[in-house]
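Residues per chain, in single letters:
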Amino acid sequence: MEELGLIGIIAFVFYTSLSYAAPLIFTGLGAVFSERSGVTNIGLEGIMQIGAFTGIITNLMLADTFKGMTPWVAIIIAMVIGSIFSLLLAVSSVTFRSDQIIAGTALNMLAAGATVFLVKKIFDGKGQTPYIQETITRFDIPVLEDIPVLGPLFFQNVYITSYLAVLAAILGWFVLFKTPFGLRIRSVGEHPTAADTMGIKVNRMRYIGVMISGALGGIGGAIFSQTITLDYSAATISGQGFMAIAAMIFGKWNPLGMMGAAIFFGFAQSLSVVGTSIPFVQDIPTVYLYILPYVLTILAIAGFIGKSVAPKALNQPYIKGQR
Amino acid sequence: MNKKRLISLLIPVLAIVLGLIVGAIIMMVSGYDPVVGYTQLWEGIFGDPYVMGETVRQITPYILAGLAVAFAFKTGLFNIGVEGQLIVGWFAAVWVGLSFDMPAVLHIPFAILVAGLAGALWAFIPGILKARLGVNEVVVTIMLNYVALHVTNALIRGIAGKDTTDRIAETASLRIPFFEEITMYSRMHGGIFIAILAVIIIYFILQKTKLGYELKAVGFNQDASKYAGMNVPRNIVISMVISGFLAGLAGAMEGLGTFEYVATKTSTTGIGFEGIAVAVLGANHPIGVVFGAILFGALKYGSLNMPNPPAQIPSEMITIIIAIIIFFVASAYLFQWLYEKFSKKKGVK
């Protein structure tokens, strides 16, 4: 490690940060869509578990068929399953007006139970899957990798998923703030009655918001399990979903702000993992790095670091004719 | 009994029945035998004195965790942080159990009190933020769960030098020899009395005191409470602090009763989240919480017998069933909707 030099260390921390940030960005983007439509999705932790589980299982099953493409196929399947799973939240909290926090908690319990149940079912009582063989590989980005200094720093030996996550966040921002669809999503989260008056189907938009969050949470989980843990067990996803929600709040319900927060949280996580081999950083007790994202989020939502204001109609089921 | 009361009792019962039926269907679809499965579940709860003792042991922290969630909910607060408050309470209880030398009559109450205070302090943070700045307590409590997890892990390594502390002193232990003898040396401990006492006290506070009345009033309507001259921010803080105290007690049950030590954790214990399930099933009523805790505690412990032959069903089946029950209870409107559909078809209004 001492041989790496300054550029080497920075590059090392940078790509570890980004690889931890990618799942957070996708899931956090999901959280933005769901909450902007007025539905708190505490269940994203569980949705990530479903995504991580689906990613690993499909990867193991399909590796012989798809070879190097397997992780991508697994991500797409995890996206679909995540979206279907999130329907449970939509049905119970949008249609049947359950408390969104309770429904989300139930979603988390269900995911934790169901994924481990299936792992034990499939692997004869073992609580852990085998390791996957086809992983998401790191590679150099053509042309950009040749830029002096910046090339080795940012564009060599990276997970492509990290850059896809950044693109997704930018796309998400565009959709949410520059398209009629995004305006509709936001309007049902801010003032559903007004939106309804303008002919927007409130509950339909909320279903869409929740299902987008399920799809993105599924992607986030599948990326996490296929880049970081490489297997699935009960301990695979422990708090990443909640951290993605934290990133959304820290980023003030804006996809770009969320992305910045997620990258920062990824940075904190990576320091806690690789920091032991970096001078200066190794002197910081890791507990500070572990709790940093959560403490910052509390400070942010308390208004000590700019004011984070949630969508107005968050947590309220929409009942036609009720004021 | 009036109709509203009847419905509020009927919904949890319906939800439990539906949850167990859906569970049976899932078992069948997965190629397991639900009759054998449920039989083994039953034996895992009532099979012999040992499992019965262990079942009571499992129910004990569930009562307190459920009570913590339910109490905050009465004031309109959602304390998702019971998990974190429980973790700090657990640590605090073990710390007192390890570091002080005093007779049992003092040691046990002192350790329990410190555990409760640790939980209360942890809950004070979201309480004061909500009361003074209007910050959403759900988010703050979720974040504090993970802060609690990592901070206690660091503290455990700090005081023990390894990932597990030593056992607490005999004088701080909740173990009762009589319980051990009648339950074939299960880990059932005296904490169950503390849990029941807490239920009675909370019931009394909510039903018979001015404080309880104010807390409930704030939960019903903050504006009306304010105009009636109540100090809304103060009530919010008090509610969170009492809720956190109860959660800390739940941690003490684990630290002084079940395990008698504390170890570092890679993820949350789950008891706090199951406390939410207990409170939801118990309709946030102290007595309801007891029933909720008995049901979920028994299911949870009994499920450990399900992976044994001949059933060989993963114990996570029960987590799935509990989640389904909660979905049904939470979606109470579903039953209303079904009822209306059903009545319309028959032409009855």
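Source: prediction; values computed, not measured.

Chemist: Explanation requested: the overall build of chain B in the structure shown.
Modeler: When its secondary structure is counted, chain B shows 15 helices and 0 strands. By the compact-globule yardstick of 20 Å for 349 residues, chain B fits well, its C-alpha radius of gyration being 21 Å. Considering chain B as a whole, with its 349 residues, one finds that 57% of them fall into the buried category. When contacts within chain B are restricted to residue pairs at least 6 apart in sequence, those whose partners lie at least 24 apart make up 77%. Carbon together with sulfur atoms contributes 68% to the accessible area of chain B, which is approximately 15,200 Å² in total.

Chemist: Looking at this structure, I do not really get the environment of T171 of chain B. What am I missing?
Modeler: Residue and element names in this part refer to chain B. Here T171 lies in the loop between α6 (137–160) and α7 (177–182). For the pair T171 and P103, spaced 68 residues apart in sequence, the C-alpha to C-alpha distance is 6.0 Å. When sequence neighbours within four positions are dropped, the list of residues in contact with T171 reads M102, P103, A104, H107 and I108. Within the local environment of T171, its side chain forms a polar contact with the backbone oxygen of M102, the two atoms lying 3.4 Å apart.

Chemist: Could you clarify how one ought to interpret the environment of V140 of chain B in this entry?
Modeler: Residue placement: V140 of chain B occurs in helix α6. For V140 of chain B and M184 of chain B, which are 44 residues apart along the polypeptide, the C-alpha to C-alpha distance reads 43 Å.

Chemist: Is there a simple way to think about the packing of aromatic side chains in this case?
Modeler: The description of an aromatic ring pair uses the distance of the two centres, along with the angle that the planes make with each other. Going through the model one piece at a time under the given rule, you end up with 17 aromatic pairs over all chains. Residues F178 of chain B and F179 of chain B carry aromatic rings whose centres are separated by 6.2 Å and whose planes lie at 40° to one another, so their mutual orientation is tilted. Each residue in the set F242 and Y294 of chain A together with Y146 and F273 of chain B is aromatic and connected to the rest through ring pairs, giving one cluster. Across the ring face of Y32 of chain B, the terminal group of K121 of chain A is positioned such that the distance to the ring centre comes to 4.7 Å. The side chain of R187 of chain B reaches across the aromatic face of F259 of chain B, ending 5.6 Å from its centre.

Chemist: I would appreciate a short explanation of the packing of helix α10 (residues 240–250) of chain A against α6 of chain B in the present structure.
Modeler: Helix packing geometry: the angle between the two helix axes and the distance between the axes. Across the interface, α10 of chain A lies against α6 of chain B with an axial gap of 11 Å and an inter-helix angle of 130°. Judged by the inter-axis angle, α10 of chain A sits oblique to α6 of chain B. The two elements α10 of chain A and α6 of chain B meet at a crossing, and its hand is left-handed. Seen from α10 of chain A, the contacting residues are F242, A246 and I249 of chain A; seen from α6 of chain B, they are V139, I142, M143 and Y146 of chain B. Classifying every residue of the contact of α10 of chain A with α6 of chain B by side-chain character gives 7 nonpolar, no polar and no charged.

Criteria and cut-off values
Per-chain numbering applies: the sequence of each chain, read as written, is numbered from 1 onward. Both sets of labels track the order of writing: A upward for chains, 1 upward for ligands. Reporting in this predicted model follows two pLDDT cut-offs: at least 70 for local features of residues, and 80 or more for side-chain atom pairs to be given and counted; totals over whole chains, interfaces and linings ignore these cut-offs and use all residues. Each side-chain value is worked out from all heavy atoms of the structure, with water and hydrogens disregarded. Helix and strand assignments come from DSSP, with helices taken as H or I runs of at least 4 residues and strands as E runs of at least 2, each series counted from the N terminus. Here the radius of gyration uses the C-alpha set of atoms, whereas the globule reference equals 2.2 Å times the residue count to the power 0.38. Burial classes follow relative accessibility: with a 1.4 Å probe on protein chains only, a residue under 20% of its type's maximum area counts as buried, one over 50% as exposed, and anything between as partly exposed. Here, two residues are considered to be in contact whenever any of their heavy atoms come within 4.5 Å of each other. Each accessible area value is a Shrake-Rupley result obtained with a 1.4 Å probe; residue values ignore everything except the protein chains displayed when judging cover. What qualifies as a polar contact is a pair of N or O atoms within 3.5 Å, subject to a donor-acceptor requirement within protein and to the restriction that residues adjacent in sequence count only when both atoms come from side chains. Two rings from Phe, Tyr or Trp (for Trp, the six-membered ring) form a pair when their centres sit within 6.5 Å of each other. Planes less than 30 degrees apart are called stacked, planes more than 60 degrees apart edge-to-face, and all others tilted. When the NZ atom of lysine or the CZ atom of arginine is within 6 Å of a ring's centre and also within 35 degrees of its normal, the charge is said to sit over that ring. Here an angle of 0 to 180 degrees is reported between the N-to-C directions of two axes, which are lines fitted to C-alpha atoms, with helices fitted over the stretch in contact. We call two directions roughly parallel when the angle between them is under 35 degrees, roughly antiparallel when it is over 145, roughly perpendicular when it lies between 65 and 115, and oblique otherwise. When the near helix sits turned anticlockwise from the far one by under a right angle, the crossing is termed left-handed; a clockwise turn instead gives a right-handed crossing. As a working rule, the residues Ala, Val, Leu, Ile, Met, Phe, Trp, Tyr, Cys and Pro are called nonpolar, Asp, Glu, Lys and Arg charged, and the rest polar, with Gly in that last group.

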